[in-house]
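Residue-level listing of the chains:
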Amino acid sequence: MARTRLISDHDVFKQVLSLLLQDGEKSVTFSAISSATGLAPPTLVQRYGSCAAMISTAIAQAWDELDALAEAAALNATTQSKGLPGLLKALTGSIDAGALLTLSQRRPDLTARASAWRNKVEQAIAARLEVSAKAKDTAAMIFAAWQGRMLWGNAGGKGFRLGEVIKRLG
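In this report, we go over the structure that sits alongside the text.

About the thresholds
Residues numbered from 1 in each chain as written. Predicted model: local features only at pLDDT ≥ 70, side-chain atom pairs only at ≥ 80, totals over all residues. Heavy atoms only, no water. Helix = DSSP H or I, 4+ residues; strand = E, 2+ residues; numbered from the N terminus. Buried < 20%, exposed > 50% of the residue type's maximum accessible area, 1.4 Å probe, protein only. Contact = heavy atoms within 4.5 Å. Polar contact = N/O pair within 3.5 Å; in protein donor to acceptor, adjacent residues only side chain to side chain. Phe/Tyr/Trp six-rings, centres within 6.5 Å; stacked < 30°, edge-to-face > 60°. Core = buried A, V, L, I, M, F, W, Y, C linked by side-chain atoms within 4.5 Å. Arc of directions from axis to C-beta. Salt bridge = Lys/Arg side-chain N within 4 Å of Asp/Glu carboxyl O.

The next thing to look at is the overall build of the protein chain. A tally of helices and strands in the protein chain yields nine helices and zero strands. Counting helices and strands in the order they occur from the N terminus, the protein chain gives α-α-α-α-α-α-α-α-α. Every one of the 170 residues in the protein chain was classed for burial, and the buried ones make up 38%. Long-range pairs, those at least 24 residues apart, make up 65% of the contacts in the protein chain between residues at least 6 apart in sequence.

The following block contains the structure:
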């Protein structure tokens, strides 16, 4: 009979992502994750097989969380004038999509997940714009501006006001 897991995969993956974002892929070792979670390295090997598999699965789980966040935000945001800023605010959760994309770039399956997420968010943005032939293009520009704002905001720059961009493009 299998033993009850005291530390969930979700908690392990949060530690993996934290290390990845702080110190890069080379910092994620079974020993480092063991220290962070309290699980023995052999337990981690038994669960995930390799560090590469553990890293890929952690990144995939983060994309799953972003997908769920995007779906919930798309359903909950109103289509009124505050709907688009509300949508983008709801999508700004605990996971940084830009950092996640960077971590996914060398893995084709994860890059495809990132692209699918971007398409989902752009569709939700377009749905909140006035119906027009240019809604899809405008949604793509707003998405790029939003991601750029998040990227440079995390780097310490104030950048621009996203609301002003939305007004100009919308």
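Read on, since the account is not over.
Right, let's talk about the side chain of Ser27 for a bit. Residue position: Ser27 is located in the loop between helix H1 (9–23) and helix H2 (30–37). A relative accessible area of 18% places Ser27 in the buried class. Within polar-contact distance, the side chain of Ser27 engages the backbone oxygen of Leu19 at 3.3 Å. A distance of 2.6 Å separates a polar atom in the side chain of Ser27 from the backbone oxygen of Gly24. Each residue touching Ser27, except ones within four places of it in the same chain, is listed here: Leu19 and Ala32.

Now for the packing of aromatic side chains. Here the distance between the centres and the angle between the planes together describe a pair of aromatic rings. Tallied over the entire structure, the rule returns five aromatic pairs. Taken together, a centroid distance of 5.7 Å and an interplanar angle of 65 degrees make the contact between Trp117 and Phe143 edge-to-face. Placement of Trp117 in helix H7 (residues 108–128) and of Phe143 in helix H8 (residues 135–154) is noted, with a sequence separation of 26 residues between them. Given a relative accessible area of 2%, Trp117 falls into the buried group. Relative accessible area serves as the criterion here: at 9%, Phe143 is assigned to the buried category.

The next subject is the nonpolar core. Among the nonpolar cores identified, the biggest contains 49 residues, and Val12 and Ile125 are the most heavily contacted of them. Among the elements that line this core, the one with the most residues is helix H4 (residues 51–76), at 10 residues.

Let us look at helix H6 (residues 97–104). Those residues of H6 that sit buried are Ala97, Ala99, Leu100, Leu103 and Ser104. Burial along H6 is one-sided: seen end-on, the buried residues are contained in an arc of 160 degrees.

Quick look at the side chain of Asp67 now. On the secondary structure map, Asp67 appears in helix H4. With sequence-adjacent residues up to four places away left out, Asp67 is seen in contact with Arg113, Trp117 and Lys120.

If you walk through the whole model with that rule in mind, you get eight salt bridges. Two residues, Arg106 and Glu25, come together in a salt bridge whose shortest N-O distance is 2.8 Å. Here Glu25 lies in the loop between H1 and H2 and Arg106 lies in the loop between H6 and H7, a separation of 81 residues in the sequence. Residue classification places Glu25 among the partly exposed residues on the basis of a relative accessible area of 31%. A salt bridge links Arg113 to Asp64; the nearest nitrogen and oxygen atoms lie 2.5 Å apart. Placement of Arg113 in helix H7 and of Asp64 in helix H4 is noted, with a sequence separation of 49 residues between them. Here the salt bridges share partners, and the residues they tie into one network are Asp64, Asp67, Glu71, Arg113 and Lys120.

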